[in-house]
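Here's the letter readout for the chains.
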Amino acid sequence: MMPSQEEPTAAARGTSEAQPLGPAPTGATPLPGPGPSDSPEAAAEKVEVELAGSADAEPPEPPEGGWGWLVMLAAMWCNGSVFGIQNTCGLLFVSMLETFGSKDDDKMVFKTAWVSSLSMGMIFFCCPIVSVFTDIFGCRKTAVMGAAVGFIGLMSSSFVSSIEPLYLTYGIIFACGCSFAYQPSLVILGHYFKKRLGLVNGIVTAGSSVFTILLPLLLRVLIDSVGLFYTLRVLCIFMFVLFLAGFTYRPLASSAKDKESGSSRFSLFSRRKFSPPKKIFNFAIFKVTAYAVWAVGIPLALFGYFVPYVHLMKHVNERFQDEKNKEVVLMCIGITSGVGRLLFGRIADYVPGAKKVYLQVLSFFFIGLMSMMVPLCSIFGALIAVCLIMGLFDGCFISIMAPIAFELVGAQDVSQAIGFLLGIMSIPMTVGPPIAGLLRDKLGAYDVAFYLAGIPPLIGGVVLCFIPWIHSKKQREINKTTGGGKMEKMLENQNSLLSSSSGICKKESDSII
C-alpha cells in the first residue's frame, strides 16, 4: 500500500512541535519521555502531551486477516440471525394467527401484522441512536449489550398469553436489541479489513440470505412439532450465540506506541482528556439536495416493500391449500437475494458516480411489478418465479445503499447519512404490513393489498430518477465556483509576484545610482 500524502505532513508537524530546544538528530520523531532531571509536573505534562498525540494519530493499518476472519464470521452470524428471523417472519405470523386467533375477532390479521412490522421498523428506527452508542462505547460493548437485550425480548415473548404483549416483547425489546447488535457488526469490519473489505462485506451480508434459505425449514419442523412458544425459545439460542460473537469485536490498538508504553501508560491513563464529538446528529447533510431527495424517495418506495415478507405465507396458505412445502417461496427470495447482492454489487463498481441510483430505480420497478403479480399467479410454479425475480432485485436495492451514500455526501458524512435514512425507512416499513392486513380483514383476500403494495415502489423509483441530474448540476456549480476561486488566487499571486519584482528592480536601480 502506498502511503498517503497526509502522513509525511503529520509526521513533520509532530516533529516540529515536539522538537527540543537543542539540536536533535534527523528523523528523531518520538516524543522524549520524562527524564531524571524533569520535575514531576513536567513529567506528567510530557506524558499528557504524548497521550494526546497518540489520540490524534491516524488509525492503525487494518491487518487484512488474522483475528479479522473470526470477526467476519461473527458479523456473518449476526447478519444472518437478525435478518434471517425477520425475513422468515411469515411463518411465525401464521403460527401467531393460529395460536392467538379467534373467530369473533375480525381484525386479527391486522393486529398480528403489527408484531412483525414493529420488529422490522424498530431495527431501522434505532440506527441513528446506535451510531452514537457505537461512537461512545465502541463496537464490542454495544453489540454485546444489544444481543443480551434481544435475548431477553425473545425469551419473554415465549411466555405471553395474548397478541398484545408481543408488541412490547417482540416488536420493541427484541428488535431494539437486534439493532444494537447489528450495526456494530458492520462498523467493526472496516477496522480489520481495507483491501478485502468488499469481499468481506459480501460474505457478511450473504449471511442473511443463507439463514433465509435454511430457517424456513427449521421453523416449519419446530412449529409443527413443539408449537410457537418453544420455537421462540429455540430461536433464543441464535441470540445467545450472537451474544458470544459480540466479544470477538476486539478493538485494535491505535498505534505501535500504545503497545510499547507499558504499565507506565496505564498508571496515568486517567489523565487523558477525551473531547466529546462536536455534533452528535449532523442534520446539515439534508442541505445536500440530492441526498434530501434520496431520503424522500427511498422511504416513499418502501410502504409496500415489507408486505410480501409478512403476508406471503398467509396468502399461499389460502390460495394453494393443497401444496406441500409452501415455505419454499421464502427460500426462493433468500436464494436470489444473495445472488443479487453479489451480482449488482459488482455491476455498481462499473457505474460512475450518482448514476448508481438508476440501479435502485430498476430494482424498485421490478419489486413493485412482482408485488402486483403475486395475486395473479394461479399456479404455484408461477408464484415461485415471481419470488425469484423479487429476491434478485431486493438484493440489488440493498447492496448499493452504501455506495450511493458515499457518492451523494462523501466519506466524512456517510455514516450519519445511512443512519438517518434507515431511521426514516422505519416508518413506511412499520405502517405498510398492518394496512395490508386491515385490507385482508375487510375484503377477505389479499389481492387488493398486493396490488396496492406495488404502487409505492413505482412512485419512489420515479422520484429517484431526478437524483443524478440534481447531483451533476450541483457538481458543475461547485466546480465552477472552485475554478473561479482558483483563477482569482492565481491572479493575486501573479500581482504580488509582479509587485515584489518591481520592488526588487527599484532597489537594484537605486543601488546602481
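See the structure above.
Residues numbered from 1 in each chain as written. Predicted model: local features only at pLDDT ≥ 70, side-chain atom pairs only at ≥ 80, totals over all residues. Heavy atoms only, no water.

A.B. asks: Could you give an account of the overall build of the protein chain, naming the residues involved and the relevant values?
C.D. replies: Summing up its helical and strand segments, the protein chain has 22 helices and 0 strands in all. Classification of the 513 residues of the protein chain by burial places 44% in the buried group. Carbon and sulfur atoms make up 67% of the accessible area of the protein chain, which totals about 26,100 Å². (Helix = DSSP H or I, 4+ residues; strand = E, 2+ residues; numbered from the N terminus. Buried < 20%, exposed > 50% of the residue type's maximum accessible area, 1.4 Å probe, protein only. Areas by Shrake-Rupley, 256 points an atom, 1.4 Å probe, with all protein chains shown as cover.)

A.B. asks: If you had to explain the packing of helix H16 (residues 357-373) against helix H21 (residues 455-464) to someone new, which residues and values would you point to?
C.D. replies: The geometry of H16 relative to H21 is characterised by a closest axis approach of 7 Å and an angle of 165 degrees between their N-to-C directions. In this view, H16 runs roughly antiparallel relative to H21, as classed from their interaxial angle. Considering only the axes of H16 and H21, their crossing is left-handed. Only Ile455, Pro457, Leu458, Gly461 and Leu464 of H21 make contact with H16, whose side of the interface consists of Val357, Gln360, Val361, Phe364, Phe365, Gly368 and Met372. (Axes fitted to C-alpha atoms, helices over the stretch in contact; angles between N-to-C directions. Parallel < 35°, antiparallel > 145°, perpendicular 65-115°, else oblique. Left-handed = near helix turned anticlockwise from the far one by under 90°. Contact = heavy atoms within 4.5 Å.)

A.B. asks: Describe the packing of aromatic side chains, listing the residues and the values that go with them.
C.D. replies: For the coordinates displayed, the defined rule picks out 24 aromatic pairs. When the centroid spacing of 5.3 Å and the interplanar angle of 80 degrees are considered together, the rings of Phe133 and Phe180 count as edge-to-face. Taken together, the residues Phe133 in helix H6 (residues 127-137) and Phe180 in helix H8 (residues 165-187) connect sequence positions 47 residues apart. The class for Phe180 is buried, based on a relative accessible area of 12%. Where Phe364 meets Phe397, the ring centres are 5.0 Å apart and the plane angle is 45 degrees; that geometry is what we call tilted. Residue Phe364 is found in helix H16, and its partner Phe397 is found in helix H17 (residues 380-399); the two are separated by 33 residues along the sequence. A relative accessible area of 3% means that Phe397 is categorised as buried. Among the aromatic side chains, those forming a connected cluster through ring pairs are Tyr305, Phe306, Tyr309, Phe364 and Phe397. Taking NZ or CZ as reference, Arg233 lies 4.7 Å from the ring centre of Tyr230, over its face. Above the face of the Trp67 ring, Arg250 is positioned so that its terminal group lies 4.3 Å from the ring centre. (Phe/Tyr/Trp six-rings, centres within 6.5 Å; stacked < 30°, edge-to-face > 60°. Lys NZ or Arg CZ within 6 Å of the ring centre and 35° of its normal.)

A.B. asks: Which residues make up the pattern of salt bridges, and what values go with them?
C.D. replies: Summed over all chains, the structure comprises 5 salt bridges. Of the charged contacts, one joins Asp224 and Arg220 as a salt bridge, the two residues approaching to 3.3 Å between their closest N and O atoms. Here the residue Asp224 and the residue Arg220 both occupy positions in helix H10 (residues 197-245), the gap between them amounting to 4 residues, near one helical turn. In this structure Asp224 comes out as exposed when scored by relative accessible area, which is 55%. Exposure remark for Arg220: the relative accessible area of 23% places this residue in the partly exposed category. Between Asp447 and Arg319 there is a salt bridge, and its shortest N-O distance comes to 2.9 Å. Placement of the pair is Asp447 in helix H20 (residues 447-453) and Arg319 in helix H14 (residues 307-319), with a sequence separation of 128 residues. On the accessibility criterion, Arg319 (33% relative accessible area) is partly exposed. It is possible to trace a salt-bridge network through shared partners that takes in Lys314, Glu318 and Arg440. (Salt bridge = Lys/Arg side-chain N within 4 Å of Asp/Glu carboxyl O.)

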